[in-house]
Amino acid sequence: MAKIIGGIGTSHIPAIGIAMDKGLEGTPYWKDFFSGYVPVRKWLHSENPEIAIVFYNDHGLEMFLDKKPTFAIGAAPQYHNADEGWGIKPIPPVTGETELSWHIINELVEHDFDPLVCQEMNVDHGLTVPLSLMYPGHNYQQIKVIPVCINCERHPMPKPSRCYALGQAIGRAVASFGGDQKVVVLGTGGLSHQLDGERAGFLNTEFDYECLDKIVTDPEALTRYSNEDLVEIAGAQGVELNMWLAMRGCLLGEVCEQFRSLVAPISNTAAGLQLLVNR
Ligand code: DHB
Ligand code: FE
């Protein structure tokens, strides 16, 4: 049986990619942010999972407003970066995983989730920045990635409770897979932020800390918020919390928090990081 060994919630701000490209990790602005990734990378290095399921949102590069799937899942052998990335240099493609991907797709449809299935898909910073953070030097090609894309850009968006339930369904699908692979799950984006409009720059770190606590002890409490609540409390892009909820939903065992950090602001965002181990 394939096993989900843990989950990681992480920011996906494009400026992180530029900071890594320019070697700015140790500068006063960035050092607290990047120091959080040291223990997370160490855990990944020692556990060495073969597969990563990555919950992210497409910011309009592959899935624009005219065709917007609520949920999409990749079943491609490779994914190319299509992000504008604020001037990031070209980066290597992401390695896909097709066998477990198709198993998850079949199980999701069987259990009344009906995602868009993508045998070709470009990915953006929501997926690539976290991978580059986990595997410095864009050295992520050894891990096989299953991208799961959640609409957080245009209404109607899937509810937090639905995103959590999607994660639970994927967690059960992985547990029913015949392989013996180690799988890590990532939820990218968040935490509180608003990029435009009258409240551009809005953050709510008090709520972010509450989210970090509740993700460990009582994720279902967070699923009782509506997306409208999240926009109000955490900013228009604060709904990216839904990716963290999907990640948490996959962890069906007893969950232990091994690390957290919150650095705010990084760019326009309260940058959260959390490592959860699934016992
Ligand atoms: C920023 C944050 C995001 O989540 C994003 O998708 C793009 C930019 C930012 O804070 O700069
Ligand atoms: Fe984003």
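For clarity, every value in this text was computed on a predicted model and none was experimentally measured.

Asks: Quick question: what am I supposed to make of the sheet that holds strand β7 (residues 122–123) here?
Replies: Strand order in the open sheet formed by three strands is β5-β4-β7, with mixed pairing between adjacent strands. Both edges of this open sheet fall to β5 (94–95) and β7, since each of them pairs with a single strand only. As paired strands, strand β4 (residues 78–81) and β7 are joined by two bridges and run parallel to one another. Counterpart to Asn81 in the pairing with β7 is Val123.

Asks: Got a minute to help me understand the site of ligand 1 in this structure?
Replies: What surrounds ligand 1 is the set His12, Ile13, Pro14, His59, Trp86, His125, His193, Leu195, Glu240, Ser267, Asn268 and Thr269. Within the side chain of Ser267, one N or O atom sits 2.6 Å away from an oxygen atom of ligand 1. Expressed as a share of its isolated accessible area of 300 Å², the protein-covered part of ligand 1 is 95%. Of the residues in the shell around ligand 1, the class split is four nonpolar, seven polar and one charged.

Asks: For this particular structure, what's the right way to read helix α5 (residues 125–134)?
Replies: Since the α-helix packs 3.6 residues into each turn, any two residues three or four apart lie on the same face. Buried residues dominate α5, accounting for 10 of its 10 residues. Taken together, the buried positions of α5 are occupied by His125, Gly126, Leu127, Thr128, Val129, Pro130, Leu131, Ser132, Leu133 and Met134. Its side-chain oxygen placed 2.8 Å from the backbone nitrogen of Gly126, Asp124 serves as the N-cap of α5.

Asks: Even after reading the chapter, I still don't get the sheet that holds strand β1 (residues 3–10), so can you show me in this structure?
Replies: Note: strands within a sheet are paired through backbone hydrogen bonds, in either parallel or antiparallel orientation. The strand order across the open sheet formed by eight strands is β6-β3-β8-β2-β9-β1-β11-β10, and the pairing between neighbours is mixed. Looking at which strands have only one partner, the edges of the open sheet turn out to be β6 (116–118) and β10 (255–266). Taken pair by pair, the neighbouring strands of this sheet meet at an average axis angle of 15 degrees, ignoring direction. Pairing between β1 and strand β9 (residues 182–188): seven bridges, direction parallel. The partner of Ile8 across the bridge, within β9, is Leu186. Across the sheet, helix α6 (residues 160–175) is in contact with β1, β2 (51–56), β3 (71–74), β8 (144–150) and β9; its angle to β2 comes to roughly 165 degrees.

Asks: Looking at this model, I keep getting lost on the coordination of the iron ion (ligand 2). Mind explaining?
Replies: Tetrahedral coordination by four donors sets the ideal angle at the metal to 109.5 degrees; octahedral coordination by six donors sets it to 90 or 180 degrees. With distances of 2.1 to 2.2 Å, the protein atoms coordinating the iron ion (ligand 2) are His12 (NE2), His59 (NE2) and Glu240 (OE). Mapping the donors of the iron ion (ligand 2) onto the primary sequence yields the spacing H-x46-H-x180-E. Linking His12 in the loop between β1 and α1 (14–21) with Glu240 in the loop between α9 (227–234) and α10 (241–249), this pair joins segments that are 228 residues apart in sequence.

Calculation notes
- Residues numbered from 1 in each chain as written.
- Chains lettered and ligands numbered in written order.
- Predicted model: local features only at pLDDT ≥ 70, side-chain atom pairs only at ≥ 80, totals over all residues.
- Heavy atoms only, no water.
- Pairing = 2+ DSSP bridges.
- Helix = DSSP H or I, 4+ residues; strand = E, 2+ residues; numbered from the N terminus.
- Near = heavy atom within 4 Å.
- Polar contact = N/O pair within 3.5 Å; in protein donor to acceptor, adjacent residues only side chain to side chain.
- Areas by Shrake-Rupley, 256 points an atom, 1.4 Å probe, with all protein chains shown as cover.
- Nonpolar A, V, L, I, M, F, W, Y, C, P; charged D, E, K, R; others polar.
- Buried < 20%, exposed > 50% of the residue type's maximum accessible area, 1.4 Å probe, protein only.
- Axes fitted to C-alpha atoms, helices over the stretch in contact; angles between N-to-C directions.
- Contact = heavy atoms within 4.5 Å.
- Donors = N, O, S within 2.8 Å, 3.2 Å for Na, K, Ca; no water.

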